[in-house]
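Coordinates in review
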Amino acid sequence: MKKIQMVDLKGQYNKIKETVNTQIQAVLDTTSYINGPLVKDFQKNLENYLGVKHVIPCANGTDALQVAMMGLGLKPGDEVITADFTFAATVEVIALLNLTPVLVDVNPDDFNINIEAIKKAITPKTKAIVPVHLFGQYANMEAVMEIAKEHNLFVIEDNAQAIGATYTYKDGTKAKAGTIGHVASTSFFPSKNLGCYGDGGAIFTNDDDLAHTIRGIVNHGMYERYHHDVVGVNSRLDSIQAAVLNTKLPLLDGYNKARRKAASKYNEAFKNETKITTPKTVNGCDGICDVCDCHVFHQYTLKVSGVDRDALVQHLNANNIPCGVYYPIPLHSQKAYKDARYNEADFTVTNQLVKEVISLPMHTELEDDQIKFITDTVKEFINR
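In what follows, the accompanying structure is described. (Residues numbered from 1 in each chain as written. Predicted model: local features only at pLDDT ≥ 70, side-chain atom pairs only at ≥ 80, totals over all residues. Heavy atoms only, no water.)

With respect to the sheet that holds strand 8 (residues 183-187)
Ordered in space as 1-9-8-5-4-2-3, the seven strands form an open sheet in which the pairing is mixed. In the strand order of this sheet, the two ends are held by strand 1 (54-58) and strand 3 (100-104), each with one partner. When the angles between neighbouring strand axes are averaged without regard to direction, this sheet yields 25°. Bridging between strand 8 and strand 9 (residues 201-205) involves four bridges; their strand directions are antiparallel. Residue pairing in the sheet places Ala-184 in a bridge with Phe-204 of strand 9. Strand contacts of helix 4 (residues 89-96): strand 2 (79-83), strand 3, strand 4 (126-130) and strand 5 (154-158), with the helix running at about 155° to strand 3, the strand carrying the most contacts. Strands strand 4 and strand 5 of the sheet are contacted by helix 6 (residues 141-151), whose axis makes an angle of about 155° with strand 5. (Pairing = 2+ DSSP bridges. Helix = DSSP H or I, 4+ residues; strand = E, 2+ residues; numbered from the N terminus. Axes fitted to C-alpha atoms, helices over the stretch in contact; angles between N-to-C directions. Contact = heavy atoms within 4.5 Å.)

Listed below in structure tokens is the structure:
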């Protein structure tokens with residue numbers, strides 16, 4: 001059995017090595033390192049894949065989220081509602097822009113933002129909602145958009161973990177992750193489903209005027225060299241990263257399919273374990289169904305009950321099985337984001353999840369013998 005990796009980037013690279021190296025060499029030969037033709041090619045290719053009018057590449061996923069908010073013209077003191085159970089970058093950019101983060105609880109089954117909690121949190125100062133498509137699964141966007149329309153709010157999709165996921169509306173129509181809200185952000189961090197070999201990110205929107213504003217923001221506020229029309233930042237996707245992403249984009253659906261296949265095998269192995277809750281989808285499917293692809297399994301995350309989760313982590317590590325706890329501390333409890341407005345009773349799900357969740361290795365190169373060893377080792381611990 002090969003050594004088990006949390007994310008096997010080397011194994012994935014070896015399968016596309018020749019093409020990637022050729023593409024990178026082309027960048028080196030042309031020396032078009034910034035805003036070169038490969039960046040423009042990737043932008044168009046991603047627009048076509050997503051079915052979105054505008055993709056604006058940038059330096060990383062955190063910048064993408066910040067620039068999206070800057071483009072909407074949100075003002076200091078405006079309230080932005082987002083999930084308590086997610087990575088800190090989501091709330092970090094809200095605070096950096098002197099906006100007011102409003103953290104709310106999530107669902108116990110799919111870990112995504114709770115619709116009733118959003119409704120409860122809305123005040124006259126609320127200007128935007130940031131649903132996070134956590135661990136690779138789409139949030140309940142129809143409900144989010146209905147709330148936004150009723151209250152005249154912006155919706156900014158945090159799509160850092162779910163590129164390639166597809167949302168299925170109640171009427172059966174479909175949309176790719178990041179194309180339903182007013183604007184969306186994504187990350188191309190190396191471990192993402194579509195990852196580059198450094199930092200990278202992008203912003204998506206179907207709004208022509210917003211896209212124009214954002215293109216200026218990512219380039220120091222310039223539309224014409226040395227003419228600064230808006231306050232901007234320096235956030236660009238470099239050509240070498242675009243070369244990698246252009247190589248991997250046509251493979252993304254296959255990568256996501258491989259992840260779902262691995263998740264199905266995990267689910268099958270754990271189906272009779274009463275102390276383990278396997279992932280459920282936003283559409284209510286128990287496991288991974290054959291009729292939708294709302295979950296692309298950036299992470300494969302279990303809940304364990306009646307089990308010492310931290311001891312399980314130690315047991316897996318002792319058996320050379322990497323794992324992760326995403327996330328061990330709620331954002332509302334983090335020193336940087338504590339606020340007297342928050343009531344612990346409003347975060348019952350998040351406060352429980354941080355004690356129960358554990359993420360197992362998930363990537364495109366997982367092999368059957370590795371999955372069997374991982375699942376056997378988990379079951380050995382919880383049943384002893």
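Some details on the packing of helix 1 (residues 9-30) against helix 8 (residues 239-248)
As a packed pair, helix 1 and helix 8 sit with axes 9 Å apart at the nearest point and diverge in direction by 140°. It follows that helix 1 is oblique to helix 8 by the angle criterion. The chirality of how helix 1 crosses helix 8 is right-handed. Note on element contacts: helix 8 touches helix 1 through Ser-239, Ile-240, Ala-243, Val-244, Thr-247 and Lys-248, opposite Gln-12, Ile-16, Thr-19, Val-20, Gln-23, Ile-24, Val-27 and Leu-28. (Parallel < 35°, antiparallel > 145°, perpendicular 65-115°, else oblique. Left-handed = near helix turned anticlockwise from the far one by under 90°.)

Details of unusual backbone geometry
Looking along the chain, the bond that leaves Tyr-326 and enters Tyr-327 is cis, with omega of 15°. Mapping Tyr-327 onto the fold places it in the loop between helix 10 (309-318) and helix 11 (348-356). Residues other than glycine seldom take positive phi values, yet Asn-98 does so here, at roughly 60°. Within the element layout of this structure, Asn-98 appears in the loop between helix 4 and strand 3. The backbone of Phe-135 sits at a positive phi, close to 60°, despite the residue not being glycine. With respect to the helices and strands, Phe-135 occurs in the loop between strand 4 and helix 6.

Remarks on the packing of aromatic side chains
This structure, assessed with the given rule, holds 15 aromatic pairs. Pairing Phe-42 with Phe-188 gives two aromatic rings, centres 5.5 Å apart and planes at 75°, and the pair type is edge-to-face. Taken together, the positions of Phe-42 in helix 2 (residues 37-50) and Phe-188 in the loop between strand 8 and strand 9 put the pair 146 residues apart, joining distant regions of the chain. What makes Phe-42 buried here is its relative accessible area of 0%. Both rings, one in Phe-85 and one in Tyr-327, keep their centres 5.9 Å apart while their planes meet at 75°; by these two values the pair is edge-to-face. With Phe-85 in the loop between strand 2 and helix 4 and Tyr-327 in the loop between helix 10 and helix 11, this pair connects stretches of sequence that are 242 residues apart. For the residue pair Phe-85 and Tyr-327, the accessibility class agrees, reading buried in each case. Three or more aromatic residues joined by ring pairs form one cluster here, namely Phe-85, Phe-87, Phe-111, Phe-135, Tyr-326 and Tyr-327. Over the ring of Tyr-342 we find Arg-341, and its NZ or CZ is 5.1 Å from the ring centre. (Phe/Tyr/Trp six-rings, centres within 6.5 Å; stacked < 30°, edge-to-face > 60°. Buried < 20%, exposed > 50% of the residue type's maximum accessible area, 1.4 Å probe, protein only. Lys NZ or Arg CZ within 6 Å of the ring centre and 35° of its normal.)

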